[in-house]
Every structure is written in structure tokens, then in C-alpha cells.
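As a plain string of letters, each chain reads:
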Amino acid sequence: MKVLIAAASYANSISGVQRHALNLTRCLLLLPEISELHLVIAPWQLNLAQSASLPSDPRLRTYVAGMKRDSISRNLWYWRRLPQLAARLEADLVHLTYPAPLNARAFSCPTVVTLHDLYPYEIPMNFGFPKFIFNRAVLRQCLRAAGAIACVSEATRLRLRQYAPPAVCRSSATIYNCIGNSFDSEPVASSVSPIPAWNNEPFLLCVAQHRRNKNICSLIRAFDRLIGSGWIDDHAKLVIVGTRGPDTPRILRLVRKKKLGNRIHFLEGLSESELQWCYRQCQVLVAPSLTEGFDLPVAEGLLAGCRIVCSSIPAHREIAGAGCSFVLLRDNSAEDLAAAVADILAEPKPQPVSLPSFSAPVLGAQYLALYRRLIESPATKQSMIESSSIKNENQQAIDLTSAERQSALAYRGR
């Protein structure tokens, strides 16, 4: 089976979607049924892919998409060029790692999209006005066009049922995010601190992009309360790992207002080993999100043996079970977060938790079953017959850009 993974996105540093794409690649490389695996990234993501320590495998090839970074260029590439690339590579299936414009009639193979969340509907201020309107339109179009939707949690699948028609929901399945950066059960942690000028000070950790749903401002207020109440060490710090985003100005204003600039560190682009260092060394991992589709850091924190305080939302309950201290998000959420952190600091660190449901072998088998079911379904075969005429009419247009032709020769898996 030849599979194309479309992972080109705006981000130029590691984030949840990029980590999903890389972990999906690792899952599929475990499967002998996969004869070729093509990973497509954006030009500004080349260093990210090269530093990801993907397995060295002759079946894996990485392509650089011929696109610019603006949203129009990226979306047009997905609509026009991705079907052409899939035909050129004779892919049996294309897997989009996040919702993007999907011209289903132009494909000569079935398509799958990973659905991480329904943020454009649940929390439109993650994107701002009027951008969330466009994001809703793209999400709706992609979900209707995809042959199958791989939801990263049951919580996400339930949300899908709230916002999508029954016909779309029937094409969905739950396949969890894969945890870990390798086939090993215990990823290696760095021996060097990624925190600037760190001198063994205790610290709280939050791994989150600067978006409204991550609720970072409530965490900062909780940290300020912990300091003011004397509930944490006088030298304790707060480390926030994640890419900047729409909420960054609001977050920085609050830091200045609370005069916490010397106590809070913002980090991004950490390697997997550096992130593992943070998990192993932190006093508490805090995840105060208002809504989530999965929340990879919570699962990774369980694997690393972290004390964890997180918001009591469906995704956290589903992923963490009884492994976390849950906090209801109310008007006084900062005070509740602070109290929960103070309480859990009095407890010993837990042992690392085994999470076989999120392992590469288990999830790889689930992806393979989904792919086979989609490829072999009568509806898919009929759709491919109907699209073959379109493919023949546009055969002369099926060609890679010069950048894509060059990248096709770039390297096989690392």
C-alpha cells in the first residue's frame, strides 16, 4: 500500500499537528503492508523534519511542497497540487494530518483527514474575527469531502456529532494520537536544561500554544497567587512551552501587569529530548484548557511520571482517567488552580503510567484497518471510476513543481 501523508502547514516549529504527522509516519513504518510512504512538508518545515529523528527506512520519502507561507497559497496548493502529486506518486491513499481544502473529485484514490478538534465552532476567538468564518468554511468543506475522518478522541468525535450532519459523522472513527517520539517505551530526556540560566530552581510546566482555549492567563494568575500565598518555593518559576499565537499579546500584558517577567519563561521549538527533560524535572504539569481534542502533553506527562493538574473537561477525563488532579473551570478558576497545585505538591511524584492504547503498534494497526476498509469499499471504487475521467482530462497538468521535483530526490527516511 502506498500512502501519502500531507503535513504541510503554517508552523515552522514543532506543535501538536506537526507531532501528530511525525508520529503517524512512525506508526505506519511499523507496518510491512506499507510499501511506500510519502511525507509532504512545507519549505519552511524542512529543518523540522530533518531533526525529527524519523526511522531510516527505504520506504519513506519526504517531499517539499511548492507553496508560499500565506494562507491563500497554502490552501490553493492543497486544492490544486495535492491531487496532482498523489496521482504522480500513484498513491493508494492520501492522509491529511489536519483539515484543509479538499478537492475530492480530483483524486484518483481515497482520502482520510485527521480531526483534532472543532475549535472554529467551539471557541472562535482562537482565530479572531473574521478569520474564524473562513476556518469554519474550510473545516466544513474538508469533512464533507473526505472519505474518512480519523478523530483523535471520543470527545472530538462527540463534538463532531454536534456540528456536522449524520452523513459526515458516519464516516468518522476514533484513532488516538500516538505518544512518544520513537519505538521505545521511554523516550530519552536531554541532560541539559533548555531553560535559560536555570540554576536548579523548581518550576511548574505548561505545554501549550498561545491560543485562547489553552487558558494560559488563568494559569499565570494562579501562579501569581501561589507566589503571593507562599504556597510554592520563593525561587519557583513557571515554564510555558509552545508557539506564539493570537493570545500572545494578552498573555504578555498580563505578565507585565503582574510583574512576573523574571519568574516566567516562554520556550518554543524544543526538541523531543528537551521536552522530555521538562517533563522529568518539573514539579507539576498544569493543563488548564477550556476545551481540547486530545491534549498530548497530559498523556506524555503521565508517561513521564509527572504530577498533573488539569481542567475537568471531557478530553482530559478520557485521556488521563484517574491519573490527574482535576479542576472545574469556574469564575474563580485561577484560585482553584492555585489550590490544586498547592495540594498536589504535598504528594509524592507518581510512577510513570503505561498507556498501551496510545502506542505505535496498536495505532498503526488501527490506521491500516481504516485504510483497507476505505480502499476496498464499493462506494470508494465507484467514486474512483467516476474520477478517472477527470484524471484523464487533466493528465497533462499532473506534474510536480520544480521545487517538488528536486525534493523528490532529496532523501529517503532519516
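Residues numbered from 1 in each chain as written. Predicted model: local features only at pLDDT ≥ 70, side-chain atom pairs only at ≥ 80, totals over all residues. Heavy atoms only, no water.

In terms of regular secondary structure, the protein chain is built from 16 helices and 13 strands. Within the protein chain, buried positions represent 57% of all 414 residues. Sequence-distant contacts, at least 24 apart, represent 72% of the contacts inside the protein chain between residues at least 6 apart. Just so you have it, the protein chain exposes about 18,100 Å², and 51% of that area is on carbon and sulfur atoms. (Helix = DSSP H or I, 4+ residues; strand = E, 2+ residues; numbered from the N terminus. Buried < 20%, exposed > 50% of the residue type's maximum accessible area, 1.4 Å probe, protein only. Contact = heavy atoms within 4.5 Å. Areas by Shrake-Rupley, 256 points an atom, 1.4 Å probe, with all protein chains shown as cover.)

Here strand 9 (residues 237-241) runs beside strand 10 (residues 264-267); their pairing, made up of four bridges, is parallel. Counterpart to Leu238 in the pairing with strand 10 is Ile264. In the classification by handedness, the crossover that spans strand 9, the intervening helix 9 (residues 248-258) and the parallel strand 10 is right-handed. (Pairing = 2+ DSSP bridges. Right-handed = clockwise from strand over helix to strand, strands pointing away.)

A few words on the sheet that holds strand 11 (residues 284-287). Sheet strands associate in pairs through backbone hydrogen bonding, adopting either a parallel or an antiparallel arrangement. Spatially, the six strands line up as an open sheet ordered 10-9-8-11-12-13, and their pairing is parallel. Single-partner strands in this sheet number two, and they are strand 10 and strand 13 (325-327). Taken pair by pair, the neighbouring strands of this sheet meet at an average axis angle of 20°, ignoring direction. Pairing geometry for strand 12 (residues 308-311) and strand 13, over three bridges, is parallel. Pairing of Val309 across the sheet is with Ser325, part of strand 13. Contacts from helix 10 (residues 272-281) reach strand 8 (203-207), strand 9 and strand 11 within the one sheet, and its direction differs from that of strand 8 by about 135°. (Axes fitted to C-alpha atoms, helices over the stretch in contact; angles between N-to-C directions.)

In a soluble, globular protein the nonpolar side chains are often hidden away together inside. Of all hydrophobic cores here, the largest spans 38 residues; its most connected members are Leu4, Tyr78, Leu82, Val94, Leu96 and Leu160. For this core, the elements supplying multiple residues, two or more each, are strand 1 (2-6), helix 3 (71-88), strand 4 (93-96), strand 5 (111-115), helix 5 (131-145), strand 6 (148-151) and helix 7 (166-169). Looking at this core, the element that brings in the most residues is helix 3, giving five residues. Leu4 has contacts with His38, Val40, Leu82, Leu85, Ala86, Leu89, Ala91, Leu93, Val94 and His95, leaving out every residue within four places of it along the chain. Formed by 34 residues, the second largest nonpolar core is a distinct cluster that contains Ile5, Ala7, Leu37 and Leu39. (Core = buried A, V, L, I, M, F, W, Y, C linked by side-chain atoms within 4.5 Å.)

Among covalent bonds in proteins, the disulfide is the one between the sulfur atoms of two cysteines. With the rule as written, the count across this model stands at zero disulfides. The cysteine Cys178 is free of any disulfide, with Cys27 supplying the nearest cysteine sulfur at 3.6 Å. By relative accessible area, which is 10% here, Cys178 ends up buried. Cys282 carries a free sulfur, and the closest cysteine sulfur to it, the one in Cys306, is 4.0 Å from it. A relative accessible area of 1% places Cys282 in the buried class. (Disulfide = S-S within 2.5 Å.)

The subject of this paragraph is the packing of helix 8 (residues 216-229) against helix 9. Where helix 8 contacts helix 9, the axes come no closer than 10 Å and their chain directions differ by 15°. One element, helix 8, and the other, helix 9, form an angle in the roughly parallel class. Judged by the sense of rotation from one axis to the other, the crossing of helix 8 with helix 9 is right-handed. Contacts between helix 8 and helix 9 involve Ile216, Cys217, Ile220, Arg221 and Asp224 on the former and, on the latter, Arg250, Ile251, Leu254, Val255 and Lys258. (Parallel < 35°, antiparallel > 145°, perpendicular 65-115°, else oblique. Left-handed = near helix turned anticlockwise from the far one by under 90°.)

What follows deals with the packing of aromatic side chains. Taken as a whole, this structure holds ten aromatic pairs when the rule is applied. When the centroid spacing of 4.9 Å and the interplanar angle of 90° are considered together, the rings of Trp198 and Trp277 count as edge-to-face. Of the two residues, Trp198 sits in the loop between strand 7 (172-174) and strand 8 while Trp277 sits in helix 10, which places them 79 residues apart along the sequence. Their ring planes at 10° and their centres at 5.9 Å tell us that Phe203 and Trp277 sit as a pair that is stacked. One end of the pair, Phe203, is in strand 8; the other, Trp277, is in helix 10, and 74 residues separate them in sequence. For the pair Phe203 and Trp277, a shared accessibility class is recorded, and that class is buried. Grouped by ring-pair contacts, the aromatic residues Trp77, Tyr78 and Tyr98 constitute a single cluster. Sitting over the ring of Phe326, Arg317 keeps its end group 3.8 Å from the ring centre. (Phe/Tyr/Trp six-rings, centres within 6.5 Å; stacked < 30°, edge-to-face > 60°. Lys NZ or Arg CZ within 6 Å of the ring centre and 35° of its normal.)

What follows concerns the packing of helix 8 against helix 13 (residues 333-345). The N-to-C vectors of helix 8 and helix 13 enclose an angle of 55°; their axes lie 8 Å apart at closest approach. One way to sum up the angle between helix 8 and helix 13 is to call them oblique. Crossing angle aside, the handedness with which helix 8 passes helix 13 is right-handed. Of the residues in helix 13, those touching helix 8 at Ser218, Leu219, Arg221, Ala222, Arg225 and Leu226 are Ser333, Ala334, Glu335, Leu337, Ala338, Val341 and Ala342. Class assignment of the residues belonging to the contact of helix 8 with helix 13 gives a composition of eight nonpolar, two polar and three charged. (Nonpolar A, V, L, I, M, F, W, Y, C, P; charged D, E, K, R; others polar.)

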